[in-house]
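Tertiary structure, described
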Amino acid sequence: MRTRRTLAVALCAVALTATAACGKDGSPDAAASPSNAPALPTYTVKTDVKVDSAVLAEAKKRGQLIIGAKADQPFLGWEDVASGDRSGFDIEIAKMIAADLGFTPQQIKWQTLVSSQREPAISKGQIDFYVGTYSINDERKKTVSFAGPYYIAGQDLLVKADNKDITGKDSVAGKNVCTATGSTSIKNIQQYNPKITQFDTYSACVEKLLSGEVDAVTTDDAILKGYASKYAPKLKVVGQPFTTEKYGVGLNKDDAALRNAINDAIKAHQDNGDWKKAYDATLGLSGSAAPAVPALEKY
Amino acid sequence: MGFLFEDDNFALFRDGFLQTIELSALSALLALLLGTLLAAFRVSPAPVLRAFGTAWVTIFRNTPLTLLFFAVEFGLPALGVHFEHLTFATLALGGYTASFVCEVLRSGINTVPLGQAEAARSLGMTFGQTLTLVVLPQAARTVLAPMSSVFIALPRNSAIAGAFSIGELYSAQQTFSDRGYSIFSIFFWVACAYLVISATVATLFRFLESRLAVAR
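Residues numbered from 1 in each chain as written. Chains lettered and ligands numbered in written order. Predicted model: local features only at pLDDT ≥ 70, side-chain atom pairs only at ≥ 80, totals over all residues. Heavy atoms only, no water.

Quick word on the overall build of chain A
Of regular secondary structure, chain A possesses 10 helices and 13 strands. When burial is assessed residue by residue, chain A has 51% of its 299 residues classed as buried. About 13400 Å² of surface is accessible on chain A, with carbon and sulfur atoms providing 52% of the total. (Helix = DSSP H or I, 4+ residues; strand = E, 2+ residues; numbered from the N terminus. Buried < 20%, exposed > 50% of the residue type's maximum accessible area, 1.4 Å probe, protein only. Areas by Shrake-Rupley, 256 points an atom, 1.4 Å probe, with all protein chains shown as cover.)

Structure representation (structure tokens):
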């Protein structure tokens, strides 16, 4: 009896450690696309680019563009830990801009930065610019400058594909909704449902959603679409965003020339269809249709 | 510095503080009961009990606490066990601390001269009686100082629960950071709160020591 219990405890420990490891950020092949997925666009690298920007001149001299990005958001800003490859919608946007500034994808040096490190890294010049679910707001405009927006996100709900009760923010009362500890998403959803579950990563929330302990996960729909793509067709995004988050490219506050160049690059790739292709091959895998192409704010 | 007394910040801070105390108290209780039981297992004559105690201490003391929280919060539901988040956190934190309590108590048991247990046995006491009436009371009095370290560490370890859906001080800190208050002032207040808790525990143990410590 006791031996069995000891054995059971040992087995549990092993099993639980394994589960814990998976719970963190998904399995290594998470970014692998299904075989019938739309292909990613390719970008023609411009030669003879003339932009009067000190940051860009410095990048040309070192032969490398340093771009800040996220590494833990599937189909948005994702790094395959095994191969070191980056993929996702934000990564594609960064590649488009790099191409128009005269840099090939091989000349990009990616720098993973978590949200709280973004402003210091940009203002201290540790990165040339940042592409990673970076909402444009007045508070941030005091320290950094934004090109874009290249995508307009809004807080939405991620639910299981067969869920019919949750149709938007007004149907979450009494449901168990999960989001990240300390995020602004909490405040927004609490108006509709005071009881929420919080973990420090969205992947933990998604894990709980898949196991059925929470009914929905809430944050920006771009992030949710990434998870819906990763776990397609098990999860879906409700598609009734109730806030507006304009994702911009963060760059040094005083570099108007670079900002204009990035704005031009975004505009050019929106117009030639690369933007839509990039969406379809990444976040579009979630089954959610592409939102309207956002108008640039050239402030 | 004064941000704490603006808006509804104080309510959030107070709730976090109370939640930290509640989680710490529940975990301390679990750790004390479970740790004593495990210590008894580890010195018991039954090899199976000893093995169980050793296995518990080895697994729980050597696993990072975050991993234990993960294992409890995500592993148990996978096995069909569903509790409140507070229960999960108490199990993880209590189980972890219990392994330390067990080892501290065991070191105390080792300080009780063997003759005491032999004398008890020759009076006809069972193992249980020997342990609870003769050995453990003396052991517990010996280890008050190291035990206070374990229980001072516990409220600070409880900060990890903030990442697992417990609204304690750590998660309050995250919310304040997100609202954009200066990191320094946030951590000043959070550190003060932890200091109050730890100092209270330390004072309690010092009082117990002055009353109970064994003079040798």
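Focus on the packing of helix H1 (residues 9-43) of chain B against helix H6 (residues 127-142) of chain B
Residue and element names in this part refer to chain B. Close contact between H1 and H6 brings their axes to 12 Å; oriented N to C, the two are set at 115°. At the point where H1 passes H6, the crossing takes the right-handed sense. Residue-level contacts link Thr36, Ala40 and Val43 of H1 to Phe127, Leu131 and Leu136 of H6. For the contact of H1 with H6, the residue count by class is five nonpolar, one polar and no charged. (Axes fitted to C-alpha atoms, helices over the stretch in contact; angles between N-to-C directions. Left-handed = near helix turned anticlockwise from the far one by under 90°. Contact = heavy atoms within 4.5 Å. Nonpolar A, V, L, I, M, F, W, Y, C, P; charged D, E, K, R; others polar.)

A word on the domain arrangement of chain A
Residues and elements named next belong to chain A. Domain annotation for chain A reports domain 1 (2-40 + 50-153 + 244-284) and domain 2 (155-237). Counting residues at the interface gives 19 residues for domain 1 and 12 residues for domain 2. At the boundary of domain 1 with domain 2, total buried surface from both sides reaches about 1300 Å², with 52% on carbon and sulfur atoms. Those elements that provide at least two residues to the side of domain 1 that touches domain 2 are helix H1 (2-25), strand E2 (72-73), strand E7 (144-153) and strand E13 (245-252). Among the elements that take part in the side of domain 1 that touches domain 2, H1 stands out by supplying three residues, more than any other. Tallied by class, residues from the side of domain 1 that touches domain 2 come to 10 nonpolar, five polar and four charged. (Domains from an automatic or database assignment. Buried area = accessible area lost by both parts, 1.4 Å probe.)

A look at the UniProt feature "domain: ABC transmembrane type-1" (unreviewed entry) in chain B
As annotated in UniProt, the feature "domain: ABC transmembrane type-1" (unreviewed entry) corresponds to residues 17-205 of chain B in the numbering used here. Between the first and last C-alpha atoms of residues 17-205 of chain B the distance is 21 Å; the span itself is 83% helix and 0% strand. (UniProt positions renumbered as here; feature names shortened; annotations may be inferred.)

Overview of the UniProt feature "transmembrane region" (unreviewed entry) in chain B
All names here are of chain B. UniProt marks residues 20-41, 48-72 and 186-208 with the feature "transmembrane region" (unreviewed entry), using the numbering shown here. Split by type, residues 48-72 is 92% helix and 0% strand. Its first and last C-alpha atoms lie 25 Å apart. With 100% helix and 0% strand, the stretch residues 186-208 has end C-alpha atoms that lie 34 Å from each other.

Focus: the state of the cysteines
Residue and element names in this part refer to chain A. If you walk through the whole model with that rule in mind, you get one disulfide over all chains. For Cys178, the disulfide goes to Cys205, at an S-S distance of 2.1 Å. Between Cys178 and Cys205, the S-S dihedral sits near -70°, and the bridge is therefore left-handed. On the criterion of sequence distance, the pair formed by Cys178 in strand E9 (residues 177-180) and Cys205 in helix H7 (residues 202-210) is long-range, its members being 27 residues apart. The same class applies to Cys178 and to Cys205, which are both buried. (Disulfide = S-S within 2.5 Å.)

A few points about the sheet that holds E2 of chain A
Think of a sheet as strands paired side by side through backbone hydrogen bonds, with each pair either parallel or antiparallel. Residue and element names in this part refer to chain A. The sheet built from three strands is open, its strands ordered E2-E3-E4 with antiparallel pairing. Each end of this open sheet is capped by a strand with a single partner; those strands are E2 and strand E4 (86-87). In terms of strand pairing, strand E3 (residues 77-79) meets E4 through two bridges, oriented antiparallel. Across the sheet, the residue bridging to Trp78 is Ser87, located in E4. (Pairing = 2+ DSSP bridges.)

A closer look at the sheet that holds strand E12 (residues 235-237) of chain A
Residue and element names in this part refer to chain A. Spatially, the five strands line up as an open sheet ordered E10-E9-E11-E8-E12, and their pairing is mixed. The sheet is open, and its two borders are formed by strand E10 (196-199) and E12, each paired with just one other strand. Neighbour to neighbour, the strand axes of the sheet diverge by 30° on average, direction disregarded. When strand E8 (residues 155-160) meets strand E11 (residues 216-220), the two strands line up antiparallel, connected through four bridges. Residue pairing for E11: Leu157 is matched across the bridge by Thr218. The sheet contacts of helix H8 (residues 221-230) involve E8, E11 and E12, and relative to E11 the element is tilted by about 130°.

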